[in-house]
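So the chains spell out like this:
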Amino acid sequence: MGPIGRRGFVAGTVFAAFATTGGEGAGAAAGGSRPVRDFRGVWIATVSNRDWPSRPGLTADEQRAELLAHLDMAVERRLNTVILQVRPTADALWPSPYEPWAQCLTGVQGRDPGWDPLRTAVAEAHDRGLELHAWFNPYRVAHHTDPSRLVADHPARLHPEWVLPYGGKLFYNPGLPEVRAFVQDAMLDAVRRYDIDAVHWDDYFYPYPVKGEVFDDDAAYERYGGDFPDKAAWRRHNTDLLVSETAARIKEIKPDVAFGVSPFGVWRNAATDPEGSDTRGGVQTYDDLYADTRKWIREGWIDYVIPQLYWNIGHPAVDYAKALPWWGAVVRGTGVALHIGEALYKCGDPAQPAAWHDPQELSRHLTLAARYPSVGGHCYFAAKEVAADPIGAMTAVVADHYPTRARPPRRRSGPE
């Protein structure tokens with residue numbers, strides 16, 4: 001065994017008092033000879049001040065206090081991983097040389113908030129025995145289509161040819177090699193400079209389809225798509241390049257930093273592809289977002305996957321109980337860890353069907369998942385609901401499944 005680094009020493013110290021028996025955590029040994037290992041995560045979304053900061057323009061001290069409260073709540077709920085959104089709209093929650101300060105901090109894009117949120121988040125999370133996964137959105141630029149509203153030196157203004165409007169938003173064009181290189185540079189700056197545990201992406205690659213609108217990348221396709229049978233294949237190739245190149249670069253910079261993706265929960269429906277899931281999802285990542293998430297797992301480009309299974313057990317179109325085993329089969333034997341994204345935000349929401357008004361719905365998800373050895377844990381969307389827990393669904397999960405704190409799963413060393 002090699003020398004123990006700072007992170008390993010801190011984590012070992014924090015977890016020394018944790019129980020080594022009991023619980024439903026992945027990796028719990030028969031007879032209780034090893035510590036419980038179970039991925040227990042929470043997303044902290046900063047885009048549009050969804051979870052944190054609670055509103056733009058708070059003082060640095062107020063922002064920091066709110067952030068620490070979220071970390072403390074994660075500990076209280078016996079979670080062990082925080083996935084913090086640090087690049088919400090082509091801006092940054094650290095002093096980036098590539099992009100402006102994030103608007104969610106001060107209300108003004110590019111304005112220095114007076115502190116370094118990512119540095120604080122990493123240090124304070126590790127002090128609490130939490131992993132800190134830095135969550136980046138590769139291509140989203142703005143929730144509007146007016147480049148003049150961006151800060152004057154924003155890369156999207158300096159390179160207007162990189163940007164396309166679609167669905168009332170601005171996006172970087174994934175078909176341009178210079179865009180892929182730039183967004184990787186911007187994200188990997190944080191990997192070089194901070195002791196993050198993982199790079200994390202969610203489900204946004206090519207934008208979700210908007211009826212009656214066209215994502216106008218014809219010029220890029222004409223220039224770069226000649227070797228492909230159609231635009232869809234070319235777009236998927238572009239997304240594959242983003243994933244595979246980022247994976248390789250992370251391992252070159254810091255081999256111990258993991259790379260994880262949280263895709264929409266339907267790769268393809270079985271009616272579209274017999275290898276797809278027994279679902280009838282209105283969106284298929286392969287066809288609509290041009291993201292072949294199954295391929296990324298099979299190729300070993302990612303270290304973990306957290307499919308967003310944001311449906312209840314028995315849902316008529318996408319039944320949680322049918323989507324779950326499909327993902328379990330996909331990761332089996334690959335060495336890629338599977339954790340399940342859970343829709344805590346739906347619990348108690350008046351707009352949701354009856355299942356989401358039962359405080360035990362999410363707890364039943366974990367009970368079902370425990371039947372599948374490939375499932376290594378769960379992640380909850382999102383931090384605001386982890387704290388508020390309006391109908392007690394999170395409280396039920398903790399009571400039923402998290403009797404003690406647990407270590408996160410070990411990193412894979414390669415395909416099994």
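Residues numbered from 1 in each chain as written. Predicted model: local features only at pLDDT ≥ 70, side-chain atom pairs only at ≥ 80, totals over all residues. Heavy atoms only, no water.

A. Geometry of the pattern of salt bridges. Counted by the stated rule, this structure contains 22 salt bridges. One salt bridge connects Arg87 with Glu99, and the closest N-O pair in it is separated by 2.6 Å. A residue pair is termed long-range when its members are at least 10 positions apart, and Arg87 in strand E2 (residues 81-87) and Glu99 in the loop between E2 and helix H3 (103-106) qualify at 12 residues. Across the pair, Glu99 and Arg87 agree in class, each one buried. A single network of salt bridges, built from pairs that share partners, joins Arg64, Asp72, Glu124 and Arg128. (Salt bridge = Lys/Arg side-chain N within 4 Å of Asp/Glu carboxyl O. Helix = DSSP H or I, 4+ residues; strand = E, 2+ residues; numbered from the N terminus. Buried < 20%, exposed > 50% of the residue type's maximum accessible area, 1.4 Å probe, protein only.)

B. Representation of the pairing of strand E1 (residues 39-44). Burial of E1 is extensive: six of the six residues sit out of reach of the surface. Here E1 shows two buried faces, one formed by Phe39, Gly41 and Trp43 and the other by Arg40, Val42 and Ile44. Note that E1 and strand E11 (residues 375-380) share four bridges and pair parallel. Bridge pairing links Gly41 to Cys379 in E11. Bridge analysis of E1 against E2 gives four bridges, and the strand direction is parallel. Residue pairing across strands places Ile44 opposite Leu84, the latter belonging to E2. Crossover connection from E1 via helix H2 (residues 60-76) to parallel E2: handedness right-handed. (Pairing = 2+ DSSP bridges. Right-handed = clockwise from strand over helix to strand, strands pointing away.)

C. Broad picture of the packing of H2 against helix H4 (residues 117-127). The geometry of H2 relative to H4 is characterised by a closest axis approach of 11 Å and an angle of 35° between their N-to-C directions. Here H2 runs over H4; the crossing is right-handed. On the side of H2, the interface is formed by Arg64, Leu67, Leu68 and Leu71, while H4 contributes Pro117, Thr120, Ala121, Glu124 and Ala125. (Axes fitted to C-alpha atoms, helices over the stretch in contact; angles between N-to-C directions. Left-handed = near helix turned anticlockwise from the far one by under 90°. Contact = heavy atoms within 4.5 Å.)

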